[in-house]
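One-letter residues, chain by chain:
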Amino acid sequence: MKATDLLVQCLENEGVEYIFGIMGKETLDLINSLSKSKQIQFVNVRHEQGAAFMADVYGRLSKRVGVCLATLGPGATNLLTGIASANLDHSPVVAITGQAGLERQHQESHQYLDIVKIFEPATKWSVQIKNSQTISKIIRKAFRVAQMEKPGAVLIELPENLAPQMIPTQPLPVTPIPKSTPISQAIEDALTLIGQSQKPLVIVGNGVIRQKAVVELLTFVENLKSPVIHSFMAKGVLPKNHPLNYFTFGFNQKDEVLPIIEESDLLIVIGFDLVEKLPKDWNKKMLHILHIDPLPAEMDEHYPVKGELVGDLIETFQALNKMDIPSKPWVPIGNLKEQIRDSYQINLDPKGNQSLTIENILTVIEKLTNEKTIVISDVGAHKVSIARTYQPKQAGQLIISNGLASMGIALPGAIGAKLACPDAPVICITGDGGALMNISELETAKRLSLSFIIIVLNNSTLKLEKQMMQEKFGDSFGTNFGNPDFVQLAESFGIKGVRPKQLNEFEQVLRDALNQTNELTLIDVIQKID
């Protein structure tokens, strides 16, 4: 069997449905082998960065490993931003790249770079296949490493001279990743710690969604009866109107939730990724921590662990919920929940002729969408507004990049989302800066006959950077740019482009677009910047 035929069989064995990428000379054998697969669809994209973003969001939503492909040199380096983003957001992704043959890697050679070394800081594991006989073992390990907590990205590099070799091996069997549960003494110690506190606070991170432990967590929270706050990526774990929901924290400015942390006397931190916000920014009083996570706590003077439950979160909470969880109801001083709602503009009731602010737009989206709707945020000032204002109806249905926080993820991410969840409405929200970074993937989406909505917030500036510069220096520089006509641009790709001028027009456009099941719609929202 040819080495690349075996590689494809291994990918099929791992349950791969899609590979996103661009071919090149060094991957021709692999592409030829992929062409014979009846299980895997190769999605040829317009830029490798888009391929990595597609694999990232596909992996998050499908709970499988997203796979992307590039050739050597510039093809591989184009993947790097999206792979680093997946790794810091803890999305399971495997990237496969071609490489120059082993015979020319010892000297300066056309398009040759040491991709394994370049990717090492951006992945959980980065490896070159040096012997075609090891393909089965490397693929099995790669998928296992990508999925193990905390999930992340893996790079596999295949030198060109190994691809056509004939080898006799076969795929290795796929076995489940073992689950662990904290020992009973640790659980008893945790309950004692909770019992000794007066005002415990639950901090929920994205690990709860990754581990599918939302139902078990809710049981624990409703027995505990203490306030709950979320990281950006954990929004939706508690319903919007749940009495214990005190919304989102982790903002650089106007973080209205911080007084709850300061008033509490024990922080129960569950599945939280420090990459979202370091403890020094939210635990300034160095309150005691009860750490509940699949992995042991990372040591930090602002993260003083008093108790620790390490194991699978479903198993952990099932064990906890069998015990007598101390009831610790308390309400923060003052009318803090309403202050948060007002500051974050959570309970807006905009009228039809009002302006197209991001908060008004989000209120309309919340009003018109259902529990299946997936909203993907690009990075920029609007991401902060989405993290404050938008309340998803279900955990895992809001995709926010908050690790590497790379602009350009939303449009290719929407393609990954739609392929992972074909029956779910998908809305991507992007600034004009992020939109034009990967706008070419509109052609990919059109070619795949996908249906989703792209909302472009059009203000001809990097709004967040402009705000930061004005606050720091009293002026801004290098933040303005020009834009194409986004409606005409959309139409040039063969998709529908519309430009509502008031909120009632936007609401009708969005309603019409949500009712379409076979059409892409780009909504150009022109915004004025003071």
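The preceding data block contains the structure.
Figured I'd write up the structure that's included with this text. (Residues numbered from 1 in each chain as written. Predicted model: local features only at pLDDT ≥ 70, side-chain atom pairs only at ≥ 80, totals over all residues. Heavy atoms only, no water.)

1. Some thoughts on the overall build of the protein
Looking only at helices and strands, the protein has 20 helices and 18 strands in total. For 530 residues, the compact-globule estimate of 2.2 N^0.38 gives 24 Å, and the protein sits close to it at 24 Å. Seen along its three principal axes, the alpha-carbon backbone of the protein occupies a region of about 70 × 60 × 45 Å. Contacts spanning at least 24 positions in sequence make up 76% of the contacts within the protein whose residues lie at least 6 apart. When the accessible surface of the protein is split by element, carbon and sulfur atoms take 51% of a total near 21,500 Å². Taken together, the 51 basic and 58 acidic charged side chains of the protein have centroids lying 2 Å from each other. (Helix = DSSP H or I, 4+ residues; strand = E, 2+ residues; numbered from the N terminus. Rg over C-alpha atoms; globule rule 2.2 N^0.38 Å. Contact = heavy atoms within 4.5 Å. Areas by Shrake-Rupley, 256 points an atom, 1.4 Å probe, with all protein chains shown as cover. Lys, Arg positive; Asp, Glu negative; His and termini not counted. Charge placed at Lys NZ, Arg CZ, Asp CG, Glu CD.)

2. Describing the nonpolar core
Grouped together as the largest cluster of nonpolar side chains are 53 residues, with contacts concentrated most on F20, I376 and F452. Per-element tally for this core: the top contributor is helix 3 (residues 48-62), with 8 residues. Setting aside its immediate chain neighbours within four residues, F20 contacts V43, V45, A51, M54, A55, Y58, V67, C68, L69 and L419. If you look at the next biggest cluster of nonpolar residues, it comprises 51 residues, including F232, I289, I429 and F506. (Core = buried A, V, L, I, M, F, W, Y, C linked by side-chain atoms within 4.5 Å. Buried < 20%, exposed > 50% of the residue type's maximum accessible area, 1.4 Å probe, protein only.)

3. Some details on the pairing of strand 6 (residues 153-159)
In terms of residue burial, strand 6 counts as a mostly covered element, since 7 of its 7 residues are buried. Where burial is concerned, the two faces of strand 6 agree: the one with A153, L155, E157 and P159 and the one with V154, I156 and L158 are both buried. When strand 5 (residues 125-128) meets strand 6, the two strands line up parallel, connected through 4 bridges. Looking at strand 6, one finds that S126 is bridged to L155. (Pairing = 2+ DSSP bridges.)

4. Concerning the pattern of salt bridges
Summed over the entire model, instances satisfying the criterion amount to 22 salt bridges. Put simply, R60 and D89 hold a salt bridge, and the shortest N to O gap is 2.9 Å. With a gap of 29 residues between them, R60 in helix 3 and D89 in the loop between helix 4 (74-88) and strand 4 (93-99) connect regions that are remote in the sequence. D89 carries the same exposure label as R60, and that label is buried. Here D281 and K280 are joined by a salt bridge, their closest N and O atoms 3.2 Å apart. (Salt bridge = Lys/Arg side-chain N within 4 Å of Asp/Glu carboxyl O.)

5. A short note on the side chain of K337
With respect to the helices and strands, the residue K337 is situated in helix 12 (residues 336-343). Here K337 sits buried without a salt bridge, and the closest side chain of opposite charge, E338, lies 7.2 Å off (N-O distance). Each residue touching K337, except ones within four places of it in the same chain, is listed here: H242, P243, L244, N245, Y246 and F247.

6. What to know about the sheet that holds strand 10 (residues 266-270)
With parallel pairing, 6 strands are arranged side by side in an open sheet as 9-8-7-10-11-12. Taken across any chain shown, the strands that pair with only one partner, and hence form the sheet edges, are strand 9 (245-248) and strand 12 (305-310). Mean inter-strand twist for the sheet, computed between neighbouring axes without regard to direction, equals 20°. Here 3 bridges tie strand 7 (residues 200-204) to strand 8 (residues 228-230), and the two strands are oriented parallel to one another. Bridge assignment links I203 to a residue of strand 8, and that residue is I229. Sitting on the sheet, helix 7 (residues 184-196) is in contact with strand 10, strand 11 (289-293) and strand 12, with an inclination near 140° to strand 12. (Axes fitted to C-alpha atoms, helices over the stretch in contact; angles between N-to-C directions.)

7. A closer look at the packing of helix 13 (residues 358-368) against helix 14 (residues 381-389)
It is the contact of helix 13 with helix 14, at a shortest axis distance of 10 Å, that shows an interaxial angle of 50°. In terms of orientation, helix 13 and helix 14 fall into the oblique class. Seen from above, helix 13 lies across helix 14 with right-handed handedness. Listed contacts from helix 14 to I358, E359, L362 and E366 of helix 13 are H382, S385, I386 and T389. A breakdown of the residues in the contact of helix 13 with helix 14 according to their chemical character gives 3 nonpolar, 3 polar and 2 charged. (Parallel < 35°, antiparallel > 145°, perpendicular 65-115°, else oblique. Left-handed = near helix turned anticlockwise from the far one by under 90°. Nonpolar A, V, L, I, M, F, W, Y, C, P; charged D, E, K, R; others polar.)

8. Description of the packing of aromatic side chains
Enumeration according to the criterion identifies 10 aromatic pairs in this entry. A ring pair is formed by F249 and F272, whose centres lie 5.9 Å apart and whose planes are at 25°; its orientation type is stacked. With F249 in the loop between strand 9 and helix 10 (258-263) and F272 in the loop between strand 10 and strand 11, this residue pair connects regions lying 23 residues apart in the sequence. Each member of the pair, F249 as well as F272, carries the same accessibility label: buried. Here F272 and W282 contribute two aromatic rings whose centre-to-centre distance is 5.5 Å and whose plane-to-plane angle is 80°, an arrangement assigned as edge-to-face. Here W282 lies in the loop between strand 10 and strand 11 and F272 lies in the loop between strand 10 and strand 11, a separation of 10 residues in the sequence. Since its relative accessible area comes to 4%, F272 is described here as buried. In this structure W282 comes out as buried when scored by relative accessible area, which is 3%. Every member of this aromatic cluster is reached through a ring pair, and the members are F249, F272, W282 and Y303. Sitting over the ring of W125, K141 keeps its end group 4.2 Å from the ring centre. (Phe/Tyr/Trp six-rings, centres within 6.5 Å; stacked < 30°, edge-to-face > 60°. Lys NZ or Arg CZ within 6 Å of the ring centre and 35° of its normal.)

9. Overview of helix 9 (residues 214-224)
Within helix 9 the residues assigned to the buried category are V214, E216, L217, L218, F220, V221 and L224. Summarising the contacts, the buried residues of helix 9 are in contact with helix 7, strand 7, helix 8 (207-210), strand 8, strand 10 and helix 11 (313-321). Positive phi appears at K225, one or two residues downstream of helix 9, with a value of about 70°.

10. A few points about the pairing of strand 3 (residues 66-70)
In terms of residue burial, strand 3 counts as a mostly covered element, since 5 of its 5 residues are buried. Alternating positions in strand 3 separate into two faces, G66, C68 and A70 on one and V67 and L69 on the other, with burial throughout. With 3 bridges connecting them, strand 1 (residues 18-21) and strand 3 associate as parallel partners. Note that in strand 3 the partner of G21 across the bridge is L69. As paired elements, strand 3 and strand 4 share 5 bridges and run parallel to each other. By the bridge assignment, V67 is partnered in strand 4 with V94. Handedness of the β-α-β unit built from strand 3, helix 4 and strand 4 comes out right-handed. (Right-handed = clockwise from strand over helix to strand, strands pointing away.)

11. Focus: the sheet that holds strand 14 (residues 398-400)
Spatial ordering of the open sheet is given by 14-13-15-16-18-17, a layout of 6 strands whose pairing is parallel. Here the strands that pair on one side only, and so sit at the sheet edges, are strand 14 and strand 17 (496-498). Here the average twist between neighbouring strands, direction ignored, is 15°. Sitting on the sheet, helix 13 touches strand 13 (374-377), strand 15 (426-431), strand 16 (453-458) and strand 18 (521-526), and the angle it makes with strand 15 is about 175°.

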